[in-house]
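# Analysis of the macromolecular model
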Amino acid sequence: MFTKYPLMLCCASRNPPVFKMSFAEKYIRLLEFDRVMQRAAEFSKSEEAYADMMKQVPLQDDAQLEVLKSAVLSIKNRIDAQALEPRGDLPSVGEILTRLDIAGMVLELEEIYALARFITEGNALVKWLSPDEFLNQTLLVLLPDCHVIAQKIFSVLDKTGQLRDLPVFVTIKKAIALLERESRAITASYAEHDPAVLQSALPSIRDGRTVIAVKARFRSRIRGIVHEISATGQTLFLEPEEIVEKNNEITILQQKLAIEIRRVLRELTEFIAEQKQTLVLFHSKIIYIESLRARAHYACRTKGVFAQTTRRLQEEHGADGDGTAGGAFLKLIQVKHPLLGEAAVPLDIEIKKDRYALIISGPNTGGKTLALKTIGLCALMNQSGLAIPAVEGSALPVFDGVYADIGDEQSIGSALSTFSAHIKNIAEILNLASSRSLVLLDELGSGTEASEGSSLAMAIADEFIEKRTMLCITSHLSPFKQYGWTRRFAENAAMDFDADSLRPNYRLIMGSSGESRALDIAGRHGLPVNIIDNARRYMSEGAGDTSKLIHELQEKYRLVEQEKEDLKQKQLSLLEQQKKHDARELSLRQREAAIKSCELRDLHSLLSEWRKKLENLVREIREGELNREKTVRVKEVLHELSETIKGEDAKALTEGEETALFERNLHMAGDEHGSGLAASDGQSHGSKKPLTKGMSVFAGKDKRRGIVKRAGKKGCWIVEIGSVCVPFAEDELLPLNERPVFKASVSALECSMPAAAFELDLRGLRLEEALEVLSHQLDAAMVSNLKSFALIHGKGDGILSRGAHEFLKNHPAVADYYFSRPEEGGAGKTEVALK
């Protein structure tokens with residue numbers, strides 16, 4: 001087992017989370033996951049980040065894993081946006097930080113410079129990531145500021161790591177330089193006055209002191225101290241008496257300079273030691289961020305994707321889950337083995353939520369073991385924050401352990417045969433595995449007599465299924481292939497084989513079982529033809545009906561799948577017809593509203609005109625006496641008003657007849673779309689579905705949308721409309737999936753239509769109900785001129801999100817739709833913009 005803590009997430013906590021570790025190094029190395037992680041770690045710019053990645057173990061917490069993958073994805077987006085990373089490598093400083101607690105410790109110049117560089121490069125990494133809002137709220141939220149520490153160091157060191165010329169250093173260096181010039185002048189005088197005694201006119205340095213190279217035979221010509229003799233003995237390196245004192249003064253000044261440098265470094269070390277906790281936290285977080293950056297670059301280089309997270313039905317719906325199929329539990333689309341790269345043949349692997357065992361059969365050397373390892377590696381990569389080599393739509397659960405028995409582990413030293421070694425491993429895995437584990441068993445039941453091996457394999461599979469462990473098995477045993485067809489929680493898959501070329505093509509076919517094709521492959525690898533023919537004769541003499549039964553089961557399975565596909569297409573066709581019908585219904589409503597609006601404008605105009613006429617007439621009557629001329633004038637006005645009203649009545653009657661004709665045509669066109677819609681419409685006028693608690697209904701004459709809370713007294717039901725609970729008689733309630741008949745005028749329609757919501761929650765609804773609610777929301781939004789709203793559908797299996805997106809994609813009123821930002825709901829929420 002690894003001893004290093006699992007992947008640390010730099011979120012709101014300063015301490016890394018601690019998890020139970022069920023990922024034994026034995027199984028991780030068996031699947032070669034360490035080689036995959038090594039390839040990812042090589043993208044880091046830090047030896048410490050590389051080492052850290054190689055020691056990390058996969059996460060087991062769903063929430064922590066989602067934050068990890070979101071962080072890596074955010075960094076990948078920065079890379080994809082071609083945002084230049086203006087930074088270099090991160091020096092290793094972890095060991096330096098551990099020595100800061102030692103009393104009297106003085107760091108060397110190179111070590112202090114390494115700390116300053118780490119802070120500088122770390123800050124550059126943070127600055128590069130800071131434009132991303134998600135990273136600012138997670139990775140960078142508690143990152144300490146070490147800018148002051150770097151400033152302090154660089155006040156003493158320059159950008160190349162050399163000491164700056166501080167005033168105390170300058171004074172001493174000037175004195176040394178002066179003495180050295182005087183020494184060089186003295187040595188130069190020997191070259192000028194007596195050059196014959198010197199081997200070289202240039203002075204040298206020996207033991208830190210200035211000397212001249214004197215020919216050995218002229219040693220007595222110059223008095224001084226000999227520091228060295230050449231290998232030939234012909235040259236003496238002599239320090240003349242005239243510069244001995246000057247050399248002494250230089251040595252004293254150099255020692256004084258060294259003491260001053262040591263003092264400055266000691267004071268700088270003390271300052272750094274006081275900031276140790278800040279530096280340790282900064283160091284750990286920067287190394288972690290660098291490991292995430294390496295993962296992001298690995299995702300870019302491999303063009304991988306981050307798998308969605310799935311759960312079992314029991315995890316989604318509680319212990320009372322009905323166990324029916326509800327989508328894929330494990331889905332890998334066009335997945336490749338991560339160590340083979342482009343040379344790998346992509347596989348499509350899908351295990352439904354009500355299945356616990358996948359049995360892979362097929363030809364020898366057909367890729368069964370490779371498929372097994374691919375599944376295990378993708379699970380480990382996913383839980384380590386690595387992009388998997390698949391395409392979008394791939395999904396994986398979060399396992400608490402990945403266990404494998406793959407290959408031949410025969411051991412002479414332990415007196416274990418191949419069969420015994422496999423059984424020992426399986427027994428160990430049975431003790432370790434839980435309902436959240438993934439177990440990979442290669443050639444289960446092999447190594448012994450076929451019937452016993454098949455029986456043992458089925459019993460082992462039963463035990464794992466009883467524990468609800470996710471089990472993937474490869475096998476050549478025919479009885480065990482039948483097990484996959486006859487067990488509810490098991491599913492078969494086969495590696496495909498090209499019968500024409502007698503070669504495997506390494507494609508995985510779900511819902512099928514394959515033959516081993518041992519004789520064909522043996523012949524292709526050079527076994528003599530007479531042996532192959534003799535083997536076929538033995539095989540035909542002893543063969544049973546197993547192969548025939550498998551073929552029959554495969555054909556039946558194919559027919560069932562075809563019928564399911566046909567049914568799906570019919571459902572999609574009915575849904576499309578429903579959309580067209582709803583669109584026509586919306587068009588009718590809009591036309592009615594436009595007519596009403598036009599009528600109201602005309603009526604207001606008419607009333608305004610006649611109000612002025614009547615006011616003028618009343619004023620004329622009041623002025624003076626009533627005579628015959630005024631009486632005639634009144635009669636003319638009244639007659640004109642009467643004729644105007646008759647004309648408006650006739651116009652309204654004509655428009656009403658046109659509307660009625662349009663509505664009749666609409667219903668006739670709707671009846672032509674097939675029995676599915678006719679049955680749906682008939683349900684609206686015939687018998688209703690019985691009312692139940694939690695049902696969505698249209699309530700009252702205005703058909704306001706509400707939810708049934710409970711049964712009331714005397715046949716009444718209590719319905720929640722908005723935040724108010726109101727009693728209704730049963731005949732005043734209409735279930736939501738039975739569309740109400742709109743026969744009211746425009747004003748009644750406006751009252752019956754639900755108000756558009758700024759945020760529509762579809763969670764808990766079936767897809768059909770959710771789409772109907774969404775349709776009414778779009779209608780209400782257009783009537784109320786609402787330009788955008790949010791749609792909450794949750795993540796789950798993605799049924800609601802995919803159905804809603806397909807509905808929005810084809811709706812004429814929708815301009816755009818997209819998932820919300822991660823902090824606002826991410827893939828569980830969709831933003832909708834209307835035209």
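Look a little higher up for the structure.
Everything quoted here is computed from the prediction, not taken from an experiment.

## Brief notes about the packing of helix H6 (residues 109–129) against helix H8 (residues 147–154)
- Between H6 and H8, the shortest axis-to-axis distance is 9 Å and the interhelical angle comes to 140 degrees. Classified by the angle between their axes, H6 and H8 sit oblique to one another. Judged by the twist between their axes, the crossing of H6 over H8 is left-handed. Contacts between H6 and H8 involve Ile 112, Tyr 113, Leu 115, Ala 116, Ile 119, Thr 120 and Asn 123 on the former and, on the latter, His 147, Ile 149, Ala 150, Ile 153 and Phe 154.
- A class-by-class count of the residues in the contact of H6 with H8 yields 9 nonpolar, 3 polar and no charged.

## Concerning the packing of aromatic side chains
- Under the criterion given, the structure shown has 4 aromatic pairs.
- When the ring of Phe 43 is compared with that of Tyr 298, the centres are 6.4 Å apart and the planes differ by 70 degrees; the resulting orientation is edge-to-face. In this pair, Phe 43 sits in the loop between helix H2 (33–41) and helix H3 (47–55) while Tyr 298 sits in helix H11 (residues 276–302), placing the two residues 255 residues apart along the sequence.
- The class of Tyr 298 is buried, set by a relative accessible area of 4%.
- Residues Tyr 356 and Phe 489 carry aromatic rings whose centres are separated by 5.4 Å and whose planes lie at 65 degrees to one another, so their mutual orientation is edge-to-face. Taken as a pair, Tyr 356 in the loop between strand E7 (347–352) and strand E8 (357–361) and Phe 489 in the loop between helix H16 (478–486) and strand E13 (490–498) lie far apart in primary sequence, 133 residues in all.
- Classification of Phe 489 by relative accessible area gives partly exposed; the value is 21%.
- If you follow Lys 159 out to its NZ or CZ, it ends over the ring of Phe 154, 4.0 Å from the centre.
- The ring of Phe 237 carries Arg 206 above its face, with NZ or CZ at 4.1 Å from the centroid.

## Focus on the nonpolar core
- Core analysis: the largest hydrophobic core is formed by 65 residues, its most contacted members being Ile 75, Leu 139, Ile 153, Leu 157 and Ile 272.
- For this core, the elements supplying multiple residues, two or more each, are helix H4 (62–80), helix H5 (94–98), H6, helix H7 (133–137), H8, helix H9 (167–193), helix H10 (241–274) and H11.
- For this core, the element with the most residues is H6, which contributes 12 residues.
- Excluding residues that lie within four positions of it along the chain, Leu 157 makes contacts with Leu 109, Ile 112, Tyr 113, Gln 162, Leu 163, Arg 164 and Leu 268.
- One finds Ile 28, Ile 351, Ala 379 and Met 381 within the second-largest nonpolar core, a separate group that totals 45 residues.

## Things to note about the sheet that holds strand E22 (residues 814–819)
- Here 4 strands make up an open sheet; going across it, the order is E20-E21-E23-E22 and the pairing mixed. Looking at strand neighbours, the two that pair on one side only are strand E20 (759–761) and E22, the edges of this open sheet. Between one strand axis and the next, the sheet turns through 20 degrees on average, direction left out of account.
- One ladder, built from 5 bridges, connects strand E21 (residues 788–792) with strand E23 (residues 829–834); its direction is antiparallel. Looking at E23, one finds that Ala 790 is bridged to Glu 831.
- Along the sheet face, helix H24 (residues 799–809) touches E21, E22 and E23 and points at about 155 degrees away from the line of E22.

## Examining the sheet that holds strand E4 (residues 235–240)
- Taken together, the 4 strands give an open sheet; going across it, the order is E1-E2-E4-E3, and neighbouring strands pair in antiparallel fashion. The open sheet is flanked by strand E1 (204–206) and strand E3 (224–229), the only strands paired with a single partner. Averaged over neighbouring strand pairs, the angle between their axes works out to 50 degrees when direction is ignored.
- Examined bridge by bridge, E3 and E4 share 5 bridges and lie antiparallel to one another. By the bridge assignment, Ile 229 is partnered in E4 with Leu 236.
- In the packing of H10 onto the sheet, contacts are made with strand E2 (209–215), E3 and E4, and the angle to E4 comes to roughly 75 degrees.

## Some words on the pattern of salt bridges
- The tally for this structure, following the rule as stated, stands at 24 salt bridges.
- Put simply, Lys 76 and Asp 80 hold a salt bridge, and the shortest N to O gap is 2.8 Å. Remark: Asp 80 and Lys 76 occur in helix H4; sequence separation between them is 4 residues, near one turn of the helix.
- Taking relative accessible area as the criterion, Lys 76 reaches 15% and is therefore assigned buried.
- Judged by its relative accessible area of 43%, Asp 80 falls in the partly exposed class.
- Notably, a salt bridge pairs Arg 763 with Asp 761, separated by 2.9 Å at the nearest N-O pair.

## Comments concerning the packing of H2 against H11
- H11 packs onto H2 with a crossing angle of 100 degrees between their chain directions and a minimal axis gap of 8 Å. Classed by the angle they form, the pair H2 and H11 counts as roughly perpendicular. When H2 is examined against H11, the residues Val 36, Met 37, Arg 39 and Ala 40 are found in contact with a partner set consisting of Ala 294, Arg 295 and Tyr 298.
- The residue inventory of the contact of H2 with H11, partitioned by class, reads 5 nonpolar, no polar and 2 charged.

## Quick word on H11
- For H11, with 27 residues, the first-to-last C-alpha span of 39 Å sits near the 39 Å given by 1.5 Å per residue.
- The buried count for H11 comes to 20 of 27 residues, which makes it a mostly enclosed element.
- Positioned one or two residues after H11, Lys 303 has a phi angle of 55 degrees, which is positive.

## Let's talk about the pairing of strand E12 (residues 470–474)
- Judged by how many residues are buried, E12 sits mostly within the fold: 5 of 5 residues are covered.
- Burial along E12 is two-sided: Met 470, Cys 472 and Thr 474 and Leu 471 and Ile 473, pointing in opposite directions, are all buried.
- Sheet analysis places strand E11 (residues 437–441) next to E12, joined by 4 bridges and oriented parallel. Across the sheet, Val 439 pairs through a bridge with Leu 471, a residue of E12.
- In terms of handedness, the path from E11 via helix H15 (residues 450–466) over to E12 forms a crossover that is right-handed.

## Here we look at unusual backbone geometry
- Look at Glu 32: it is not a glycine, yet its phi comes out positive at around 65 degrees.
- With respect to the helices and strands, Glu 32 occurs in the loop between helix H1 (25–30) and H2.
- Looking at Glu 32, the relative accessible area reads 24%, which means it is partly exposed.
- Located in the positive-phi region is Lys 303, a residue other than glycine, with phi close to 55 degrees.
- Here Lys 303 is to be found in the loop between H11 and strand E5 (308–310).
- Overall, Lys 303 belongs to the exposed group, its relative accessible area being 71%.

What counts and what doesn't
Residues numbered from 1 in each chain as written. Predicted model: local features only at pLDDT ≥ 70, side-chain atom pairs only at ≥ 80, totals over all residues. Heavy atoms only, no water. Axes fitted to C-alpha atoms, helices over the stretch in contact; angles between N-to-C directions. Helix = DSSP H or I, 4+ residues; strand = E, 2+ residues; numbered from the N terminus. Parallel < 35°, antiparallel > 145°, perpendicular 65-115°, else oblique. Left-handed = near helix turned anticlockwise from the far one by under 90°. Contact = heavy atoms within 4.5 Å. Nonpolar A, V, L, I, M, F, W, Y, C, P; charged D, E, K, R; others polar. Phe/Tyr/Trp six-rings, centres within 6.5 Å; stacked < 30°, edge-to-face > 60°. Buried < 20%, exposed > 50% of the residue type's maximum accessible area, 1.4 Å probe, protein only. Lys NZ or Arg CZ within 6 Å of the ring centre and 35° of its normal. Core = buried A, V, L, I, M, F, W, Y, C linked by side-chain atoms within 4.5 Å. Pairing = 2+ DSSP bridges. Salt bridge = Lys/Arg side-chain N within 4 Å of Asp/Glu carboxyl O. Expected span 1.5 Å × (residues − 1). Right-handed = clockwise from strand over helix to strand, strands pointing away.

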